[in-house]
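Summary of the model geometry
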Amino acid sequence: MKFQEIKDQEQEYIIHTYGRVDAALVKGRNATAWDVEGREYIDFTSGIGVNSLGYSDPDWTAAVSKQAGEIQHLCNYYYSPQNTALAQELCTAAGMAQAFFCNSGAEANECAIKIARKYGEKRGAYKIATLENSFHGRTLTTLAATGQEGFHKDFLPLTEGFLYAKAGDIKAMDALLEGSVCAVMIETVQGEGGVVPMDPDFLKALRALCDKRDVLLVIDEVQTGVGRTGHFYSYQGYGVQPDVVTSAKGLGGGLPIGICLVTEKLRDILKPGQQGSTFGGNPVVCAGAREVVRRVSSPEFLQTVREKGEYISKRLEKLFQVEFVRGRGLMLGIKLKSGDAHDVLVKCARQGLLVLTAKELVRFLPPLTITMEEIDKGLLIFEKVLQEEN
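The strand order across the open sheet built from seven strands is E4-E12-E11-E10-E7-E5-E6, with neighbouring strands paired in mixed fashion. Bordering the open sheet on either side are strand E4 (98-102) and strand E6 (162-165), each of which pairs with just one other strand. On average, each strand axis in the sheet is inclined to that of its neighbour by 20 degrees, with strand direction left out of account.

Laid out in structure tokens, this is it:
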């Protein structure tokens, strides 16, 4: 099919929930992709942080293909070796005790919310405090957890029981934590909120406050997790251990997965029948995720993520069109001195570079395996677009 045929088909048969760029990608290798007409792109998006090992990584592809040829799905009534092995590997890497598998970050966050409410049930606590400018998903409940009114409109009423405090303000959070609050839910870096890292002192104070008030600390690592920030989970770089952590996106390496991990004190908090997911823990997906965990959990691999992030940041900071760069590892937001971030996104795509936006920032989430050659090619395109903007 030609591009215009694909675009016409999309316009006719798909609900228009996405503002698409004029490119139909059909092939990719690592951080390089090609569209239906053969044009090449350097990809600084990795499918919004999903393709952690890039496009069509040979070892990941082999693991997925092998499992698909053995057994592709089974009912959760039965044991799955890929499922149980991945749970052990993740718990070990994350310093957690048990896992629940699902299909997406929103589902993982829904599970975390249910766990928090189950924990608070003994004292009648059901409210959850989150942060202003946060993002936790697009279901009605995770929208309620999201501290951005722009995501709430048109879908009211949302699930009740969510309170919001300003990020970094421990006194404001303390004021919210009265007896009916069972958990605090945060991101260590607010991704959709504009790539805003939390202050380390705030996170440590928040951990202490949760312990004092017998409130669970839930950390949403849907975007920051599995090596994205240069640590296997971002909280490990802050020296803070959550009671519950959620993960998705990059964990599957390109296939849908979500997971909710809990510490020992929450072992078996949910009983049979209290939570479920038909496709959760799918063996094909778990086989791919195990390859991701095997590679990304290596200290040497994580060091390369930090080094690549520092290299990109230093290159960008030298550009006179850039006001600032913020983020951690390969999760970067770029504030431009002038111009519209979305316009830059569109112009980059036309020149052969795929980027994202968040609020008023251009956002980079390249594959963790991106090569220095691919980084340099992408940055040259970005610099060219910024020069043309000015």
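Let us keep going from here.
Glancing now at the side chain of Thr-229. Locating Thr-229 in the fold gives a position in the loop between strand E10 (216-220) and helix H10 (234-238). Judged by relative accessible area, which is 4%, Thr-229 ranks as buried. Aside from chain neighbours lying at most four places away, what touches Thr-229 is Thr-224, Ser-234, Arg-306, Arg-328, Gly-329 and Met-331.

What follows deals with the pairing of strand E5 (residues 127-131). Two faces make up the sheet, and in a regular strand the side chains alternate between them. Across the five residues that make up E5, a large majority, four, are buried. Taken together, the three bridges between E5 and strand E7 (residues 181-186) define a ladder with parallel strand orientation. By the bridge assignment for E7, Ile-128 is matched with Ala-183. Relative to E6, E5 runs parallel, the two sharing four bridges. When the sheet's bridge partners are listed, Ala-129 is paired in E6 with Leu-163.

Okay, the sheet that holds strand E3 (residues 40-43) next. The four strands lie next to each other as E1-E2-E3-E15, forming an open sheet whose pairing is mixed. Across the chains shown, the open sheet's two edge strands, defined by having one partner strand only, are strand E1 (25-29) and strand E15 (353-354). As paired strands, E3 and E15 are joined by two bridges and run parallel to one another. Residue pairing for E15: Asp-43 is matched across the bridge by Leu-354. Sheet strands in contact with helix H14 (residues 372-389) are E1, strand E2 (32-35), E3 and E15, and its direction is about 100 degrees off that of E3.

The next subject is the packing of aromatic side chains. For the structure on display, the rule yields six aromatic pairs. The interplanar angle of 75 degrees and the centroid separation of 6.4 Å between the aromatic rings of Tyr-77 and Tyr-78 together place this pair among those described as edge-to-face. Residue Tyr-77 is classed as exposed on the basis of its relative accessible area of 72%. Taking the centre distance of 5.2 Å and the plane angle of 75 degrees together, the rings of Phe-364 and Phe-382 count as edge-to-face. A residue pair is termed long-range when its members are at least 10 positions apart, and Phe-364 in strand E17 (residues 361-364) and Phe-382 in helix H14 qualify at 18 residues. Looking at Phe-382, the relative accessible area reads 0%, which means it is buried. An aromatic cluster is defined as three or more aromatic residues linked by ring pairs; in this entry it consists of Phe-44, Phe-364 and Phe-382. Over the ring of Tyr-119 we find Lys-122; its NZ or CZ atom is 3.7 Å from the centre of that ring. Positioned above the aromatic ring of Tyr-238, the side-chain terminus of Arg-328 is 4.0 Å from the ring centre.

So, about the packing of helix H12 (residues 299-317) against H14. Where H12 meets H14, the closest approach of the two axes is 11 Å, and the angle between their N-to-C directions is 25 degrees. Classified by the interaxial angle, the pair formed by H12 and H14 is roughly parallel. Crossing of H12 against H14: the hand is right-handed. Note on element contacts: H14 touches H12 through Met-372, Ile-375, Asp-376, Leu-379, Leu-380, Phe-382 and Glu-383, opposite Lys-308, Tyr-311, Ile-312, Arg-315 and Leu-316. The residue inventory of the contact of H12 with H14, partitioned by class, reads eight nonpolar, no polar and four charged.

About the thresholds
- All residue numbers refer to positions counted from 1 along the written sequence of the respective chain.
- Restriction of local features to residues with pLDDT of at least 70 applies here, the model being predicted, together with a cutoff of 80 or more for giving and counting side-chain atom pairs; totals for whole chains, interfaces and linings are based on all residues.
- To get the side-chain values, take all heavy atoms of the structure and skip hydrogens and water.
- Criterion used throughout: strands pair if DSSP finds at least two bridges between them.
- A run of DSSP states H or I qualifies as a helix once it reaches four residues; a run of E qualifies as a strand once it reaches two. Both are numbered from the N-terminal end.
- Lines fitted to the C-alpha atoms define the axes, with helices restricted to the stretch that makes contact. Angles between their N-to-C directions range from 0 to 180 degrees.
- Only protein chains enter the accessibility calculation, which uses a 1.4 Å probe. A residue is then buried if its area is under 20% of the maximum for its type, exposed if over 50%, and partly exposed in between.
- In what follows, residue pairs with any heavy atoms lying within 4.5 Å of each other are defined as contacts.
- Here is the rule: rings of Phe, Tyr and Trp (six-membered ring for Trp) pair when centre to centre is within 6.5 Å. Planes less than 30 degrees apart are stacked, more than 60 are edge-to-face, and the remainder are tilted.
- By definition, being over a ring means that NZ of Lys or CZ of Arg is both within 6 Å of the ring centre and within 35 degrees of the ring normal.
- Throughout, the term roughly parallel applies to angles under 35 degrees, roughly antiparallel to angles over 145, roughly perpendicular to angles from 65 to 115, and oblique to all others.
- Handedness of a helix crossing follows the sense of rotation of the near helix relative to the far helix, less than a right angle counterclockwise being left-handed and clockwise being right-handed.
- Think of it as three bins: nonpolar holds Ala, Val, Leu, Ile, Met, Phe, Trp, Tyr, Cys and Pro, charged holds Asp, Glu, Lys and Arg, and polar takes everything else, Gly as well.

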